[in-house]
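What the coordinates show
In case you want the letters, here they are:
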Amino acid sequence: MRHLALPFYCAVIVGLLLALLARAIYTGAASFLLPFAAGVVFFAWCGVRDLVRNWPAFRDETRQRAAERQRAPMLADDTQ
């Protein structure tokens, strides 16, 4: 899961910045609108870029772990 840590952190930061942006709009603090909007765009772009870059490695690791969890076939019991 380490492959998706940075996109997850970017998503959390985007959520916080969106909340701050909504609060700035609600209170009329126009001087904060541009920095918050720029932060939302930047961290959303970084998160999507890292997600696209790291998704194949995450998918391969997930498949590998699923293959390791498969049970070994049981040998036939021919003693009867």
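The model shown is predicted, which means the values in this text are computed figures rather than measured ones. Along each chain, residue indices are assigned from 1 in the same order as the chain's sequence is written. Only residues with pLDDT of 70 or above have their local features reported here, since the model is predicted, and side-chain atom pairs are shown and tallied only from 80 upward, although totals for entire chains, interfaces and linings are computed over all residues. Hydrogens and waters are ignored; side-chain quantities use all the structure's heavy atoms.

**Section: the overall build of the protein**
Each helix and strand in the protein was counted, giving two helices and zero strands. Throughout this description, buried means an accessible area under 20% of the type-specific maximum (1.4 Å probe, protein chains only), exposed means over 50%, and partly exposed covers the range between. Expressed as a percentage of the 80 residues in the protein, the buried residues total 20%. We call two residues in contact whenever any of their non-hydrogen atoms come within 4.5 Å of each other. Taking the intrachain contacts of the protein between residues at least 6 apart in sequence as the baseline, contacts between residues at least 24 apart amount to 65%. All accessible areas in this document rest on Shrake-Rupley with a 1.4 Å probe, and a residue is counted as covered only by the protein chains that are shown. Element-wise, carbon and sulfur atoms account for 67% of the exposed surface of the protein, whose accessible area totals about 6,700 Å². Helix and strand labels come from DSSP, where a helix needs a run of H or I of at least four residues and a strand needs a run of E of at least two; each type is numbered from the N terminus.

**Brief notes about the nonpolar core**
For this analysis, a nonpolar core means a set of buried residues of the types Ala, Val, Leu, Ile, Met, Phe, Trp, Tyr and Cys, connected via side-chain atoms within 4.5 Å. Residues V14, L17, L21, A24, F36 and V40 constitute the largest nonpolar core, which totals six residues. Top contributing element to this core by residue count: helix α1 (residues 5-27), with four residues. If sequence neighbours within four positions are ignored, F36 has contacts with L17, L20, L21 and A24.

**Description of the environment of D50**
Looking at the element boundaries, D50 is found in helix α2 (residues 33-69). Counting along the chain gives 44 residues from D50 to L6, while the straight-line C-alpha distance between them is 7.2 Å. With residues near it in sequence (within four places) discarded, D50 still touches L6 and P7.

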